[in-house]
Number of protein chains: 2
Amino acid sequence: MTSTKAERVRRAVLADIVSGALAPGTPLDEVTLAAQHEVSRTPVREALRRLQSDGLLEVGPRRRLLVVDVSPEHRRELTTLRVALEGAAAAAGCERRDEDDLDGLELLLIKQERAAQAGDAEIFLRLDEEFHLTLAGAARMPTLSRMLGQLGAFVRIGRLGEETSAAHMKALVSEHTELVELLRARRASRLRAALATHIERTAPRG
Amino acid sequence: MTSTKAERVRRAVLADIVSGALAPGTPLDEVTLAAQHEVSRTPVREALRRLQSDGLLEVGPRRRLLVVDVSPEHRRELTTLRVALEGAAAAAGCERRDEDDLDGLELLLIKQERAAQAGDAEIFLRLDEEFHLTLAGAARMPTLSRMLGQLGAFVRIGRLGEETSAAHMKALVSEHTELVELLRARRASRLRAALATHIERTAPRG
DNA sequence: CTCTCGCCACATGTATACATTTCAGTGACT
DNA sequence: AGTCACTGAAATGTATACATGTGGCGAGAG
């Protein structure tokens, strides 16, 4: 087995949550999930426990686990957190980045360009998240990266009904390009400021 | 039952980890833990899964779960993260704090004063953590508070062999007092700067 | 003596059966 | 009519038995 059943169930449920197939507030029933994924309740429970620890599920009445909701205030909080964490990572990354970091980011820029051209918002959003995680990864701060990964799930829930035009996507790629150049030039303050502006513009809904 | 067995086991294991009774690198054996806590393996496994999601356990050889180690670099990372997160919280807290926040913080100051006077480092460290969480709580940012809670466990692991003199404790209380005054006066920039200095002084080892 | 192969023990992964909790609905009593 | 206690169903919590797979360790060949 390439991985455990619990882990596969966890990924599947996570995917259903961030894709909106499981709407916020939905109660997760262990036996139903077990049947859907053709496993016993045991791995399902372990998957749910981990999602609960990640903050994606909350306990409701009857000890049931519900998919968390992302309120407008919560979205604003997420933006603040991203600015703080990605900003710190970007500053540290200016000192520690190497050529591989830049190469990886440039590759992502090309892919984003293609997705923007094709108008494929779904792929673009995934690439956008990967870009930000990669940028933060240059800081070599694993705990910070873990936290951003957790935030990513919330961000995706919050973005659910969001529609992204091709023009908007191209503008974002252009901003990403500038971020990479600032990282290359190791201009920490400028990068931090540009990143903050970029993040706040990406999530303007309040 | 006031809570579930899994939750009690989780708290007990967490306490053993942050107290150093379970040293970093120690493999956690499910049947041993089950015997120690007089429960079956099932609740033990759920407890371990949650601790794993919180980053306190990592998978080792034979899929065993090991207590994570906190390296000097990791400690530096924790300091950077605390500055970023608590700083953001402090700035937001200057706008949202109410009288209850200040009352709670002042009560903690009094308790810390007593612990410093008595030279009780263990109680003092617990109060110190509670103080920082309460200060951050004024920001009304639940996700940020959750993240700081997770960081707290790492911080406590990193501080394990640390000895704290009565004089040092008194100095910290004095700094805490100033932080509260800055929060009361809603001086966000000054508070952020003072907090950063304070956090960096608290964890100078590296 | 060393290196490889295969066997086996042990810890974890999974399934299933049983216990317990929780809350909603019902009925009697005030 | 309102309220309280009780009951019962449905979900989660727990225990146990069985499956799996990994890595150590010894036997045998080179």
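Chain A is annotated in an unreviewed UniProt entry as GntR family transcriptional regulator from Knoellia flava.

Visitor: If you had to explain the protein's contact with DNA strand D to someone new, which residues and values would you point to?
Guide: What surrounds DNA strand D is a group of 19 residues, the closest being Arg49 of chain A together with Lys5, Ser40, Thr42 and Arg62 of chain B. When atoms of DNA strand D within 4 Å of the protein are split into backbone and base, the sugar-phosphate part holds 58%. One nitrogen or oxygen atom from the side chain of aspartate 29 of chain A is found 3.2 Å from a sugar or linking oxygen belonging to DNA strand D. Separating a phosphate oxygen of DNA strand D from a backbone N or O atom of lysine 5 of chain B is a distance of 2.5 Å. Among the elements of the structure, helix H3 (41–53) of chain A together with helix H1 (5–19) and helix H3 (41–53) of chain B are those that each provide at least two residues to the surface near DNA strand D. Classifying every residue of the surface near DNA strand D by side-chain character gives five nonpolar, three polar and 11 charged.

Visitor: Any chance you could break down the UniProt feature "domain: HTH gntR-type" (unreviewed entry) in chain A for me, citing the residues and the numbers?
Guide: This chain's UniProt record puts "domain: HTH gntR-type" (unreviewed entry) on residues 3–70 of chain A. Split by type, residues 3–70 of chain A is 53% helix and 12% strand. Its first and last C-alpha atoms lie 31 Å apart.

Visitor: Please give an account of the interface of chain B and chain A that cites residues and values.
Guide: Accessible area lost upon the coming together of the parts serves often as the stated size of an interface. With 25 residues of chain B in contact, the opposing surface of chain A contributes 25 residues. When chain B packs against chain A, close to 2,500 Å² is buried across both sides, 55% of that on carbon and sulfur atoms. By the criterion of area lost to chain A, the three top residues of chain B are Glu46, Ser53 and Met147 of chain B, representing 23% of everything that side buries. For the pair chain B and chain A, the number of links is four salt bridges. We note a salt bridge from arginine 49 of chain A to glutamate 46 of chain B, for which the minimum N-O separation is 2.8 Å. Linking chain B with chain A are 16 residue pairs in polar contact (both at pLDDT 80 or more).

Visitor: Please provide a residue-by-residue account of empty space enclosed by the protein, values included.
Guide: Across all of its chains, the model carries four cavities of 30 Å³ or more by this definition. Of the voids in this model, the largest cavity is the one considered here, and its volume is about 160 Å³. Taken together, 12 residues form the lining of the largest cavity, with Arg75, Thr79, Val155, Arg159 and Ala203 of chain A sitting closest to its centre. Secondary structure elements with two or more residues in the lining of the largest cavity: helix H4 (72–96) and helix H7 (142–158) of chain A. Examining the composition of the lining of the largest cavity, we find that four residues originate from one element, H4 of chain A, more than from any other. Here the lining of the largest cavity is composed, by residue class, of four nonpolar, three polar and five charged. Taken as a whole, the second largest cavity spans an internal volume of roughly 130 Å³. Forming the walls of the second largest cavity are 10 residues, and the residues nearest its centre are Arg75, Thr79, Val155, Arg159 and Ala203 of chain B.

Visitor: Report on the sheet that holds strand E3 (residues 65–67) of chain B, specifying residues and quantitative values.
Guide: Residue and element names in this part refer to chain B. Reading across from one edge, E1-E3-E2 is the order of the three strands in this open sheet, with antiparallel pairing throughout. This sheet does not close on itself; its edge strands, each paired only once, are strand E1 (27–28) and strand E2 (57–59). Looking at chain direction, E1 and E3 are connected through two bridges and run antiparallel. Looking at the pairing, proline 27 lines up with leucine 66 of E3. Each of E1, E2 and E3 touches H3; the most contacted strand, E2, lies at about 95° to it.

Visitor: Give me the layout of surface pockets: which residues, what numbers.
Guide: Volume-wise, the largest pocket comes out at about 670 Å³. Elements with a minimum of two residues in the lining of the largest pocket: H3, strand E2 (57–59) and H4 of chain A together with H1, H3, helix H6 (121–137) and helix H7 (142–158) of chain B. Residue contributions to the lining of the largest pocket peak at eight residues, all from H7 of chain B. A per-class count over the lining of the largest pocket returns 11 nonpolar, eight polar and 11 charged.

Conventions used here
Residues numbered from 1 in each chain as written. Chains lettered and ligands numbered in written order. Predicted model: local features only at pLDDT ≥ 70, side-chain atom pairs only at ≥ 80, totals over all residues. Heavy atoms only, no water. Near = heavy atom within 4 Å. Polar contact = N/O pair within 3.5 Å; in protein donor to acceptor, adjacent residues only side chain to side chain. Helix = DSSP H or I, 4+ residues; strand = E, 2+ residues; numbered from the N terminus. Nonpolar A, V, L, I, M, F, W, Y, C, P; charged D, E, K, R; others polar. UniProt positions renumbered as here; feature names shortened; annotations may be inferred. Contact = heavy atoms within 4.5 Å. Buried area = accessible area lost by both parts, 1.4 Å probe. Salt bridge = Lys/Arg side-chain N within 4 Å of Asp/Glu carboxyl O. 1 Å grid on protein atoms, 1.4 Å probe; cavity = no way out; pocket = protein on both sides within 12 Å on 5 of 7 lines; lining within 4 Å. Points joined across faces, edges and corners; volume = space filled by probe spheres on them. Pairing = 2+ DSSP bridges. Axes fitted to C-alpha atoms, helices over the stretch in contact; angles between N-to-C directions.

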